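What follows is the residue order along each chain.
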Amino acid sequence: SHTFDASVVEISPNPTPPTPVPVSAKPATPPVSPPSPAPAAANQTGYKIVREIGRGGMGVVYEARHSVTNNTVAVKTILPAARPTPTAIKKFLREAEVVRHLDHPNIVKYADAGEVDGILWFAMEFVTGSDAGRIVTRGGKGGHLAVGRACRWTVQLLGALAYAHTAKTPVG
């Protein structure tokens, strides 16, 4: 089983650093120890894991820093413990490929991708702040969002979704 050691994990021997991502503030969530890859993987990589920022049934997303540029990115991986099926691996690779070809102000930018000791990953723009669910819970009255804000978010979301569904990408 592979685990990420937050003090040594770096991802991808990509000699070209990703495009700089501005970082203006840190989310208020506390750091979580990320899982780590085998020690040999740490010598083959270019990103250092800072903390876990999200987790789902098949994957995990980390805040990471490029070891040369110090740019902050989000790194998504498939959890090795989830024992991903060929279908799950295909979906993960498709997601990375689609994100790589999208260019919209409301869709995160692709930065890099690779595999380290059998762990697939891809890096993308790191977006500071909080997720919508937390904002609604903290800032809304009784869990409700102000109508104006909800409308602005919906317009942005639908614009990004429409763009993604009409964009020409290698996978559709």
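On a predicted model such as this, the values are computed, not experimentally measured, just so you know.

(A) Representation of the overall build of the protein within the structure. Summing up its helical and strand segments, the protein has four helices and six strands in all. Element order for the protein, N to C, with α for helix and β for strand: β-α-β-β-β-α-β-β-α-α. In the protein, which comprises 172 residues, the share counted as buried stands at 33%. Sequence separation of at least 24 residues holds for 60% of the intrachain contacts in the protein that already meet a minimum separation of 6. Accessible surface computed for the protein: about 10100 Å², of which carbon and sulfur atoms make up 59%.

(B) View of the confidence of the model for the protein. Confidence in the prediction for the protein averages 74 pLDDT; 70% of positions are at 70 or higher. The least confident element of the protein, judged by mean pLDDT, is strand E1 (residues 3–4) at 33; the most confident is helix H4 (residues 147–166) at 93. Across residues 1–44 the pLDDT falls below 50, and counting only partners more than four positions away or on other chains, this stretch makes 99 contacts in the model.

(C) Representation of helix H2 (residues 86–101) within the structure. Helix length check: H2 (16 residues) gives 23 Å between terminal C-alpha atoms against 22 Å at 1.5 Å per residue, within 8%. Within the sequence span of H2, burial applies to Ala88, Phe92, Ala96, Val98 and Val99. Viewed end-on, H2 has its buried residues packed into an arc of 165°, placing them on one side of the element. The outward face of H2, more than 90 degrees from its buried face, is lined by the exposed residues Pro86, Thr87 and Lys90. Those residues of H2 that are buried lie in contact with strand E4 (72–78), strand E5 (110–116) and strand E6 (119–125).

What counts, and at which threshold
Here the residue index of a chain counts from 1 through its sequence in written order. Owing to the predicted nature of the model, reporting of local features is limited to residues with pLDDT of at least 70; listing and counting of side-chain atom pairs is limited to 80 or more, with chain, interface and lining totals taken over all residues. The basis for every side-chain value is the complete set of non-hydrogen atoms in the structure, without hydrogens or water. For the purposes of this entry, the term helix denotes a DSSP run of H or I that reaches at least four residues, the term strand denotes a run of E that reaches at least two, and both are numbered from the N terminus. With a 1.4 Å probe rolled over the protein chains alone, any residue whose accessible area is under 20% of its type maximum counts as buried; one over 50% counts as exposed, and the rest are partly exposed. Any two residues having at least one pair of non-hydrogen atoms within 4.5 Å are treated as being in contact. Note on areas: Shrake-Rupley, 1.4 Å probe, and residue coverage restricted to the protein chains presented here. Values of pLDDT, ranging from 0 to 100, describe the predictor's confidence in every residue of the model. Given a helix with a known number of residues, its expected span is that number minus one, times 1.5 Å. The directions considered for the arc run from the helix axis to the C-beta atoms.

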